[in-house]
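Observations on chain architecture
One-letter residues, chain by chain:
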Protein chains: 4
Amino acid sequence: MQRSTLVRLKENLELKNPILVVGLPGVGLVGKLVAEHLVDELGAEKIMEVYSPHFPPQVLVNKDCTVRPVSNAIYLGKAKENDVLFLVGDHQSTTTQGHYELCSLYLDIAEELGVLRIYTLGGYPTGKLTYEETVLGVANNTDLIEEIKAYGVEFRESEPSGGIVGASGLLVAFSKMRGIDAACLMGMTPGYLMDPKSAQSLLKVICKLFDIEVNTESLEKKAEEMESILEKLKEKEEQQIQEIKPSEEDLRYIG
Amino acid sequence: MQRSTLVRLKENLELKNPILVVGLPGVGLVGKLVAEHLVDELGAEKIMEVYSPHFPPQVLVNKDCTVRPVSNAIYLGKAKENDVLFLVGDHQSTTTQGHYELCSLYLDIAEELGVLRIYTLGGYPTGKLTYEETVLGVANNTDLIEEIKAYGVEFRESEPSGGIVGASGLLVAFSKMRGIDAACLMGMTPGYLMDPKSAQSLLKVICKLFDIEVNTESLEKKAEEMESILEKLKEKEEQQIQEIKPSEEDLRYIG
Amino acid sequence: MQRSTLVRLKENLELKNPILVVGLPGVGLVGKLVAEHLVDELGAEKIMEVYSPHFPPQVLVNKDCTVRPVSNAIYLGKAKENDVLFLVGDHQSTTTQGHYELCSLYLDIAEELGVLRIYTLGGYPTGKLTYEETVLGVANNTDLIEEIKAYGVEFRESEPSGGIVGASGLLVAFSKMRGIDAACLMGMTPGYLMDPKSAQSLLKVICKLFDIEVNTESLEKKAEEMESILEKLKEKEEQQIQEIKPSEEDLRYIG
Amino acid sequence: MQRSTLVRLKENLELKNPILVVGLPGVGLVGKLVAEHLVDELGAEKIMEVYSPHFPPQVLVNKDCTVRPVSNAIYLGKAKENDVLFLVGDHQSTTTQGHYELCSLYLDIAEELGVLRIYTLGGYPTGKLTYEETVLGVANNTDLIEEIKAYGVEFRESEPSGGIVGASGLLVAFSKMRGIDAACLMGMTPGYLMDPKSAQSLLKVICKLFDIEVNTESLEKKAEEMESILEKLKEKEEQQIQEIKPSEEDLRYIG
């Protein structure tokens, strides 16, 4: 395998107003959480698998001890007016050149399937520990920006100032050359850990965009689990600080 | 040399129920030790050599001061009902892309030779210093898992949780797309050093699978050598701890 | 995208005595500052865009929240006797091989457009904090060296002794094989930060070479900004040293 | 430039018993020093240049301020019974794959020119600071080993035990598949610095092999320079140790 390989599980697809939603692993796993949640809730069906020599040379082990290669996959679901394609996966490219090659392949697929619009989902690292409901956006044209603003997405001048690394950014920028409208929507997240809370904020926006409602129970549960993990981490940390901080007696003893 | 190169030392091979056993360098060198031991004990003959720009740019020096490039090789031996192909070698790929390219080449060879099944051999790093007899497995289908369980191989839910890196994993996962049954069998090993003891546990399972018996003397000798090396390392370490630990007198002196 | 991609925004260009000026990011951003300043001042027009899998896998965000891929671009302006092509961009190649591939592409373009001469612009890191007006040069033939000396460019035996890394050097060296005269002109710079002051020295030389005059106000303003930033950094540093340096009283206390 | 490029400066070469001597940069620069010395002393003429995207993306500056790309080159000289080709250069490949690609190119050239034998020259790092006259060898067949032994080259069982990295090793190993006799000859060297003394030992062996005598004055001069540099380094080091070691008075003062 010298180049990325596309395996088609369904032939002769005829799609109605298809939109591509991309949720690959990234900051806080926000995009991945949202896209995989929608795949589950909409009962989307896997139609394509992508393998690549740019993914880690590694296999993953399923619950039943069978193994599968690292892959990306495209699922097909329905959301009222639109057929929705979901691009999800285990990893992004591990190499610079692979990022460009894979994005080029994904845009070939989008063109072939007549995709009208692409939403790439991601996290926006704030570096702060407090949560924010905000969803930030960028897009590949100003008309689309105006349209999306109406759904509560914030657009801040020149933000993210450091640019966007990986598939979420490249797909939006390069889809312009293919004549496809595209936006990247980012949930604000501390960015250090998986962030199902930020995923919920982002999911709300997506649901508004598609005019659908989905059950968010499993995301809420994940958010609760993360919060209890964080709580325990904090306790441990405080305990350690307590242990390190010398008591007044200790200080006197040294003196 | 832009791509990996296959050198065929034998033409027109006609094999009987061929099975491929893969023992490339990895954790504890467990897989390599077992496969090379079987090559020796079964008097298997080299039939193919593989050179690759993804191997280290290095040559190895033989006892007689001739040199040879880093390579992988395929040997052909016989084990009762099966012709057995052994894939062994000096190194795995040094690059991500090379892992995928080489595995693709090995599966082309397996298909060409009509291989019915692939066993990749490896080590499972426990991170503990105590030895365990256990051999752990994963496979590319559940029927094979049921079959192999009968030979004493353990299958633990979702284990190894970190996946399997390198040829041992990739070959099992991608052989599914070629319609070839494949399993990865891993001897438990601390993982820090060459582990001929773990290799013996794994060898026992392989012998059962092929219904053969082989002399294990040389592996036992290697195991004894490693144990005496470990013994010396431990002694040294204890001595150092002794030297660092201040005696009571020292403590009093400071006081 | 496996290789770099050239997008032509204008067809059938007919140029008069075309000269290529290259100002890609490098030491002190000196070359980039000068070339982009000239693009602005001469009202040069973008005629080509270059995308490459060797650029960082990243997009940049415009003021209006639209995004664009990392790219290099060629602009066309006029300077008295010459049509001037400017090669500017966000990044140089991130890989060794990409540097060679991109330089090869740029020289193909130069040949196609009948470029007579190439000036690559860069910074020469002195490692000292004091500014120098000097502009240092190297070229791909001695006749050109003699010609350029007359414009105040210094040529020092075997300097830079460490060679020149990146496009500025490669383009000058490899243009010789294409029969194109080329020189690299370097503003002396401490090399640690963006250096609009060094850019001004280099700009002066370029203007003499093209026999043009351009407004330098914006560069002067940038230079002032950098100086005030440096001033603040120095103050902070001195403050910290002050805080660390124990006062005489402190010393007595310890004693 | 996607692949390495060969520039031929002479066409229709007809060579008499051609032998290839390879002296690329490596441990102690021993091979490079010997090969370049022979190029000078035999008045060998440059017949080919090799450029590669696997060399550093850098140009070197000549004394007269012209620049040249990093390259390897082949020179042609005469030594009694043999036309001798010298492969010398600024750098070896910076990538694993480049090493294999370049060696493949060099062996294509050797085959095309009818090369009968290849000597690759290098240094053998001893890690000790004392000099040894010994020249160590490996080869691609035992007949050649026996022949070369007569010229004072030592062959030690399985040495170098760590193998040989880079072109010196790869060319010897892979030339076997082309039916070309080849040996790697290594001067013993501490390995930390350029070692013209070890180069002299290796040069002696080469002169015997070709039955020629060459002036070694320039190498002797370089050796003297290196020794005086080493002397100064030692003095400095001793001075520093002196300064760090507290005198008895200092100790009392602290007490």
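Residues numbered from 1 in each chain as written. Chains lettered and ligands numbered in written order. Predicted model: local features only at pLDDT ≥ 70, side-chain atom pairs only at ≥ 80, totals over all residues. Heavy atoms only, no water.

Here's the deal with the environment of Met-177 of chain D
The criterion, for reference: A run of H or I in DSSP counts as a helix once it spans at least four residues, and a run of E counts as a strand once it spans at least two, with each numbered from the N terminus. Throughout, a residue-residue contact means that at least one pair of heavy atoms, one from each residue, lies within 4.5 Å.
Looking at where Met-177 of chain D falls in the secondary structure, it is placed in the loop between α4 (167-175) and β11 (181-189). Expressed as a C-alpha distance, the spacing of Met-177 of chain D and Asn-140 of chain D, which sit 37 residues apart in the sequence, is 9.7 Å. Discounting chain neighbours no more than four positions away, the residues touching Met-177 of chain D are Tyr-51 and Pro-69 of chain B.

Describing the interface of chain B and chain A
Basically, it comes down to this: Once two parts are brought into contact, the accessible area they lose, counted with a 1.4 Å probe and summed over both, makes up the buried area. By definition, a salt bridge exists where a carboxyl oxygen of Asp or Glu is found within 4 Å of a side-chain nitrogen of Lys or Arg. In the analysis that follows, any N or O atom pair within 3.5 Å is treated as a polar contact, provided that within protein one partner can donate a hydrogen and the other can accept it, and provided that, for residues neighboring in sequence, both atoms belong to side chains. Ten residue types, Ala, Val, Leu, Ile, Met, Phe, Trp, Tyr, Cys and Pro, are classed as nonpolar, four, Asp, Glu, Lys and Arg, as charged, and the remainder, Gly among them, as polar. Strands were regarded as paired on the criterion that DSSP finds at least two bridges between them.
Residue-level contacts link 31 residues of chain B with 23 residues of chain A. Taken together, the two surfaces of chain B and chain A that pack against each other cover about 2,100 Å², and 64% of this comes from carbon and sulfur. The largest share of the area that chain B buries against chain A comes from Thr-96, Gln-97 and Tyr-100 of chain B, three residues that together contribute 25% of it. Inspection of the chain B/chain A interface yields zero salt bridges. Applying the counting criterion to the chain B and chain A interface returns seven residue pairs in polar contact (both at pLDDT 80 or more). Of all the secondary-structure elements, those providing two or more residues to the side of chain B that touches chain A are α2 (96-112), β9 (135-139), α3 (142-149), β10 (164-165) and α4 (167-175) of chain B. In terms of residue count, α2 of chain B provides more of the side of chain B that touches chain A than any other element does, six residues in total. Split into classes, the residues belonging to the side of chain B that touches chain A amount to 13 nonpolar, 13 polar and five charged. Bridge count between strand β4 (residues 58-61) of chain A and β10 of chain B: two bridges; the pairing is antiparallel. Along β10 of chain B, the bridge assignment pairs Val-59 of chain A with Ile-164 of chain B.

Some words on the packing of aromatic side chains
The cut-off we apply is this: Here a pair means two rings of Phe, Tyr or Trp (six-membered ring of Trp) with centres within 6.5 Å. Their orientation is stacked below 30 degrees between planes, edge-to-face above 60, and tilted elsewhere. Using a 1.4 Å probe on the protein chains alone, a residue whose accessible area is under 20% of its type maximum counts as buried, one over 50% counts as exposed, and one in between counts as partly exposed.
Tallied over the entire structure, the rule returns twelve aromatic pairs over all chains. Judged by centre distance (5.6 Å) and plane angle (75°), the rings of Phe-174 of chain C and Tyr-51 of chain D are edge-to-face. Of the two residues, Phe-174 of chain C is situated in helix α4 (residues 167-175) and Tyr-51 of chain D in strand β3 (residues 45-51); the pairing between them involves two chains. Comparing Phe-174 of chain C with Tyr-51 of chain D shows no difference in burial state: the two are buried. Geometrically, the ring pair formed by Tyr-100 of chain D and Phe-174 of chain D is edge-to-face, given 6.1 Å between the ring centres and 70° between the ring planes. Note that Tyr-100 of chain D is positioned in helix α2 (residues 96-112) and Phe-174 of chain D in helix α4, a separation of 74 residues in sequence.

Digging into the pattern of salt bridges
Applying the stated criterion to the full structure yields 56 salt bridges over all chains. Lys-46 of chain A is paired through a salt bridge with Glu-49 of chain A; the nearest N and O atoms lie 2.8 Å apart. A relative accessible area of 15% places Glu-49 of chain A in the buried class. The salt bridge involving Glu-227 of chain D is made with Lys-197 of chain D; its shortest N-O contact spans 3.8 Å. You can see Glu-227 of chain D sitting in helix α6 (residues 217-244) and its partner Lys-197 of chain D sitting in helix α5 (residues 196-210), a full 30 residues away along the chain. Residue classification places Glu-227 of chain D among the partly exposed residues on the basis of a relative accessible area of 40%. Since its relative accessible area comes to 34%, Lys-197 of chain D is described here as partly exposed. One continuous salt-bridge network, built from bridges that share partners, spans Asp-108, Glu-111 and Arg-178 of chain A.

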